Amino acid sequence: MAIKHRIVSASTGKTVRTAPNAGGQSGSALPLRLAAVVLWVFAIAFEVLALCVMTEKIAIPLFTKLSPLVAGIVLLVIDFIFVVAGAQLWKKANRIAPASEANALKFWLWNNMGVIACAAAFVPFIVLLLLNKDTDKRTKAVGVAAAAILLIIGGLASYDFDPVSAESYAQAAGTQQVYWTAHGKRFHTHEDCSALSRTEELTAGSVQEAIDAGRETMCKICEKRDAALIEKIKQTPKEKDAA
C-alpha cells in the first residue's frame with residue numbers, strides 16, 4: 001500500500017496534499033458531492049424543525065419531556081452535525097476533483113460551499129426567530145446565541161483554509177519531483193520510500209530546490225531504486241558550484 005503524506009510545494013509553499021505524481025487523491029468526487037448535498041438538505045430540514053419547535057408551532061413526540069427551548073437547541077446541534085459532516089465530504093471531493101482557477105466564480109463557490117451551507121442552515125433561523133413576535137425574549141436570546149455559536153464553529157470547521165486547484169495538480173503532475181523532510185539531510189526520489197514511512201509532511205521540489213534547502217545527497221534507498229539516474233543527479237551540485 002502506498003504511503004500517504006501531506007506534500008508541500010517548495011516553489012509555492014502551498015500544500016498539494018497528495019503525492020505530486022499522483023495527480024490528486026484517488027476515487028470519484030461525484031458520490032461525495034451528492035452525499036454532502038443530501039446532508040446539507042437534512043441540516044436545513046432540522047433548522048426548520050428547530051424553529052418550529054422553539055416558536056411552539058409544532059411539538060415533536062420524542063421531545064415532549066423537554067421544553068421548547070431545549071428541544072430546539074437539540075435540533076440545532078443535529079443541524080450542526082449534518083452541516084459539518086457535509087462540508088468534510090465536499091472538501092474531500094475538492095481534493096479529488098478541484099475546480100479550475102480559470103473560472104473564478106466556480107473556484108470560489110467550490111471552495112466555500114461548506115461555509116455557504118452553514119450560513120443557510122443557521123442564518124434564516126436567527127433572523128426568523130428574532131422577527132417572531134410570539135416568542136418570549138428569553139427564548140429569543142438563548143436561541144439566537146446558540147445558533148450564532150454553532151454558526152461560527154460550523155463555519156470555521158467548514159471553511160477550506162488551504163484550497164487546491166486543477167492547475168496546481170496539473171503543474172505538480174508534469175514536473176519531476178524529489179522529496180525531503182523538515183529535518184532530514186537527504187532528498188528522496190520516491191514518495192513511498194521506506195525511510196519516509198513515519199513522516200507526515202514532505203516538501204516536494206526539483207533537485208536544485210532540494211540542494212538549495214541543504215539536501216545535497218540522495219537517500220541510499222532511493223539511490224538503489226534509481227540507479228539509472230544517479231549520475232545525472234550527482235552532477236547537479238557540481239553544476240551549481242561551477243556557476
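In what follows, the structure referred to is the one given above.
No experiment lies behind these values; they were computed from the predicted model shown.

Caption draft 1: Main features of the nonpolar core. Formed by 23 residues in total, the largest nonpolar core has its most connected members in L75, L76, V83, F122, F125, L129 and A147. Among the elements of the structure, α1 (29–54), α2 (68–96), α3 (104–131) and α4 (137–158) are those that each provide at least two residues to this core. Per element, the largest residue contribution to this core is seven residues, and it comes from α2. Other than its neighbours up to four places away in sequence, L76 contacts A50, F122, F125, G143, A147 and L150. Ranked by size, the runner-up nonpolar core spans 15 residues in total, among them I7, Y179, C193 and M218.

Caption draft 2: Region of interest: the packing of α3 against α4. Between α3 and α4, the least distance of the axes is 9 Å, while the angle of their chain directions is 170°. The orientation of α3 relative to α4 falls into the category roughly antiparallel. Contacts between α3 and α4 involve G114, V115, C118, A119, F122, V123, F125, I126, L129 and L130 on the former and, on the latter, T139, K140, G143, V144, A147, A148, L150, L151, G154, G155 and S158. Taken together, the residues of the contact of α3 with α4 sort by class into 14 nonpolar, six polar and one charged.

Caption draft 3: Local environment of the environment of G114. Within the secondary structure layout, G114 lies in helix α3. C-alpha of G114 to C-alpha of S158: the two residues are 44 residues apart in sequence and 4.8 Å apart in space. G114 has contacts with W40, A87 and S158, leaving out every residue within four places of it along the chain.

Caption draft 4: How the structure looks around α4. Between its first and last C-alpha atoms α4 spans 31 Å; for 22 residues at 1.5 Å apiece the expected length is 32 Å, and the two agree. Summarising the contacts, the buried residues of α4 are in contact with α1, α2 and α3.

Caption draft 5: Expanded view of the side chain of T139. You can see T139 is positioned in helix α4. The class for T139 is buried, based on a relative accessible area of 8%. Look past the residues within four positions of T139 in its chain and what remains in contact with it is M54, L69 and L129.

Caption draft 6: A look at unusual backbone geometry. Unusually for a residue other than glycine, E56 sits at a positive phi of about 60°. You can see E56 is positioned in the loop between α1 and α2. On the basis of relative accessible area, E56 is assigned to the exposed category, the value being 60%.

Caption draft 7: Broad picture of the packing of α2 against α4. Put simply, α2 and α4 touch, their axes get as near as 10 Å, and they point 15° apart. Comparing their axes, α4 and α2 come out roughly parallel. Like other packed secondary-structure pairs, α2 and α4 cross with a definite hand, here right-handed. In this structure, α2 uses L69, I73, L76, V77, F80, V83, V84, A87, Q88 and K91 to contact α4, whose residues at the interface are R138, T139, V142, G143, A146, A147, L150, I153, G154, A157 and S158. Looking at the contact of α2 with α4 residue by residue, the class counts come to 14 nonpolar, five polar and two charged.

Caption draft 8: Summary view of empty space enclosed by the protein. Scanning the entire structure with this criterion turns up one cavity of 30 Å³ or more. If you trace the largest cavity, you find it lined by A87, W90, K91, W110, N111, N112, M113, G114, S158 and D160. Listing elements by their share of the lining of the largest cavity, those giving two or more residues are α2 and α3. No other element matches α3, which puts five residues into the lining of the largest cavity. Here the lining of the largest cavity is composed, by residue class, of four nonpolar, four polar and two charged.

Caption draft 9: A look at the sheet that holds strand β2 (residues 178–180). With mixed pairing, three strands are arranged side by side in an open sheet as β1-β4-β2. Edge positions in the open sheet fall to β1 (6–9) and β2, since each of these has one partner strand only. Strand-to-strand twist in this sheet, taken as the mean axis angle between neighbours without regard to direction, amounts to 35°. By the bridge criterion, three bridges tie β2 to strand β4 (residues 201–205) in an arrangement that is antiparallel. Each residue of the ladder has a partner; that of V178, found in β4, is G205.

Conventions adopted
Residues numbered from 1 in each chain as written. Predicted model: local features only at pLDDT ≥ 70, side-chain atom pairs only at ≥ 80, totals over all residues. Heavy atoms only, no water. Core = buried A, V, L, I, M, F, W, Y, C linked by side-chain atoms within 4.5 Å. Buried < 20%, exposed > 50% of the residue type's maximum accessible area, 1.4 Å probe, protein only. Helix = DSSP H or I, 4+ residues; strand = E, 2+ residues; numbered from the N terminus. Contact = heavy atoms within 4.5 Å. Axes fitted to C-alpha atoms, helices over the stretch in contact; angles between N-to-C directions. Parallel < 35°, antiparallel > 145°, perpendicular 65-115°, else oblique. Nonpolar A, V, L, I, M, F, W, Y, C, P; charged D, E, K, R; others polar. Expected span 1.5 Å × (residues − 1). Left-handed = near helix turned anticlockwise from the far one by under 90°. 1 Å grid on protein atoms, 1.4 Å probe; cavity = no way out; pocket = protein on both sides within 12 Å on 5 of 7 lines; lining within 4 Å. Points joined across faces, edges and corners; volume = space filled by probe spheres on them. Pairing = 2+ DSSP bridges.

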